[in-house]
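For reference, the chains in residue letters:
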Amino acid sequence: MNTADVVIIGGGPAGLNAGLMLGRARKQTIVIDEGRPRNAVTREAHGFLTRDGISPGEFRRIAQEQLRVYPSVTQLEDTVVSVTGEDGAFLLETASGMSITSKKLLFAAGMKDRKLDVQGLSEVYGKSAFVCPYCDGWELRDQPLVVISRGTVLMHFAPLLSGWTKQITVCTNGPDELSEAEREELRAHQLPLFDAPIREISSHEGMVDHVVLTDGTAIPCKGIFFRPELVLGTELPLSLGCELSDTGVIAVDQFAESNVPGVYAAGDTASMMHQSIAAAASGALAGAAINGRLNQEAWQNNSR
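As the structure is a prediction and not an experimental result, all values here were calculated from the model.

## Quick notes on the overall build of the chain
Part 1: Helix and strand counts for the chain stand at eight helices and 17 strands.
Part 2: Dimensions of the chain along its principal axes, counting C-alpha atoms only, are 75 × 35 × 35 Å.
Part 3: Within the chain, the fraction of its 304 residues that count as buried is 45%.
Part 4: Residue pairs at least 24 apart in sequence account for 58% of intrachain contacts in the chain once pairs closer than 6 positions are excluded.
Part 5: If you sum the accessible surface of the chain, you get close to 15400 Å²; carbon and sulfur atoms cover 51% of it.
Part 6: For the chain, the distance from the average position of its 26 positive side-chain charges to the average position of its 37 negative side-chain charges is 6 Å.

Structure representation (structure tokens):
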């Protein structure tokens, strides 16, 4: 039986930064990651000071190398298949057959994309089709873009993207779910709106050239922004009774702890701010909070 002070499920920026904090705090920490990050399709990560433009793979390599300095941190490529127990005595089982007991848990497994039923999207995703303008808007500034979105999300997304380019065409890929006032708002900003379903995205070597609709309309563009459908990267927090927020992420307090004592969450698992720097920062906060709780509990136990 393997034992740990903390098991971190997920080895992206949040999990790795939490591991760094806990390693430096001399806590026995195990970071478990499947090795299948959501941003594997992304060529470059942006918005992270000192790391702007780095590939996600290189970011993880450097982070993992830096964690190896701390002997109390173990990194495993594995999948946690079950978690039981309670605060101070959690039991984890992995796909490789490993059993681990841990005092605290940190979920940092991010989110997973549900596949969007748009032909040709997978060929351009991460190359010329993106989900976050803060991450990739600069590279497509002043270019003709197609936004694939609808309803309330569209009315947030379109004004946001207008800071990078005014050449925006909206494809709702079906009913637009807009009020007449919202349609008029888009017309006032000269944003063409198409509600015919998308037949395919035409591209060459990952670079989009047209979005083709089922009615035959071909919309030329240099890039696409769309809102993916996301689900939690792991359902294990739900099996423990963790509550979700209205946005579908794990609800946590200001110290990154969920409603289940001893269970914490960081990064995209607990936030809609899907950026590497935000995830790393939340991982640092969670790691510090967990360490503080462990030290406090040890202090109280040793005083008896």
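From this point, the discussion proceeds with the structure in view.
## Some words on the packing of aromatic side chains
Each aromatic ring pair is summarised here by two numbers: the centre-to-centre distance and the angle between the ring planes.
Part 1: For the coordinates displayed, the defined rule picks out four aromatic pairs.
Part 2: Judged by centre distance (5.4 Å) and plane angle (55°), the ring pair of F48 and F59 falls under tilted. Residue F48 is found in the loop between β2 (29–33) and α2 (56–67), and its partner F59 is found in helix α2; the two are separated by 11 residues along the sequence.
Part 3: Since its relative accessible area comes to 18%, F48 is described here as buried.

## Structural notes on the pattern of salt bridges
When their charged atoms lie close together, side chains carrying opposite charge are able to pair.
Part 1: Scanning all chains against the criterion turns up 11 salt bridges.
Part 2: As a salt-bridge pair, E184 and R187 come within 3.1 Å of each other at their nearest N and O atoms. Note that E184 and R187 are positioned in helix α6 (residues 180–188) at a spacing of three residues, about one turn of the helix.
Part 3: In this structure R187 comes out as partly exposed when scored by relative accessible area, which is 44%.
Part 4: Counted as one network, the salt bridges with shared partners bring together D176, E180, R183, E184 and R187.

## Some thoughts on the pairing of strand β15 (residues 223–226)
In summary, the side chains of a regular strand alternate between the two faces of the sheet.
Part 1: Residues of β15 alternate between two faces, with G223 and F225 on one and I224 and F226 on the opposite face, all of them buried.
Part 2: Here strand β8 (residues 129–130) runs beside β15; their pairing, made up of two bridges, is parallel. From the neighbouring strand, A129 faces β15, where its bridge partner is I224.
Part 3: Bridging between strand β9 (residues 145–148) and β15 involves four bridges; their strand directions are parallel. What sits directly across from I148, in β15, is F226.

## Quick word on the sheet that holds β9
Part 1: Spatially, the five strands line up as an open sheet ordered β8-β15-β9-β10-β11, and their pairing is parallel. Edge positions in the sheet fall to β8 and β11 (193–194), since each of these pairs with one other strand and no more.
Part 2: Relative to strand β10 (residues 168–171), β9 is paired through four bridges, and the arrangement is parallel. Paired with I148 across the strands is C171, a residue of β10.

## Focus on the nonpolar core
Part 1: Counting residues in hydrophobic clusters, the biggest one holds 23 residues, and the most contacted among them are V7, I9, V83, L92, L105, F107 and V263.
Part 2: Of all elements in the fold, only β1 (2–9), β2, β4 (80–86), β5 (89–94), β6 (99–107) and β17 (263–265) reach the threshold of two or more residues within this core.
Part 3: Sequence-distant contacts of F107, defined by excluding residues within four places in its chain, comprise I9, T234, L236, P237, L240, I250, V263, Y264, A265, A266 and T269.
Part 4: Core analysis: the second largest hydrophobic core is formed by 20 residues, V6, A108, A256 and L294 among them.

## Quick look at the sheet that holds strand β13 (residues 207–213)
Part 1: Taking strand neighbours across the sheet as the criterion, the three strands line up as β12-β13-β14 in an open arrangement whose pairing is antiparallel. The open sheet is flanked by β12 (198–204) and β14 (218–220), the only strands paired with a single partner. Each strand axis lies, on average, 25° off the axis of its neighbour in the sheet, ignoring direction.

Conventions adopted
Residues numbered from 1 in each chain as written. Predicted model: local features only at pLDDT ≥ 70, side-chain atom pairs only at ≥ 80, totals over all residues. Heavy atoms only, no water. Helix = DSSP H or I, 4+ residues; strand = E, 2+ residues; numbered from the N terminus. Buried < 20%, exposed > 50% of the residue type's maximum accessible area, 1.4 Å probe, protein only. Contact = heavy atoms within 4.5 Å. Areas by Shrake-Rupley, 256 points an atom, 1.4 Å probe, with all protein chains shown as cover. Lys, Arg positive; Asp, Glu negative; His and termini not counted. Charge placed at Lys NZ, Arg CZ, Asp CG, Glu CD. Phe/Tyr/Trp six-rings, centres within 6.5 Å; stacked < 30°, edge-to-face > 60°. Salt bridge = Lys/Arg side-chain N within 4 Å of Asp/Glu carboxyl O. Pairing = 2+ DSSP bridges. Core = buried A, V, L, I, M, F, W, Y, C linked by side-chain atoms within 4.5 Å. Axes fitted to C-alpha atoms, helices over the stretch in contact; angles between N-to-C directions.

Spatial relationships are all this shows, so hold off on functional conclusions.
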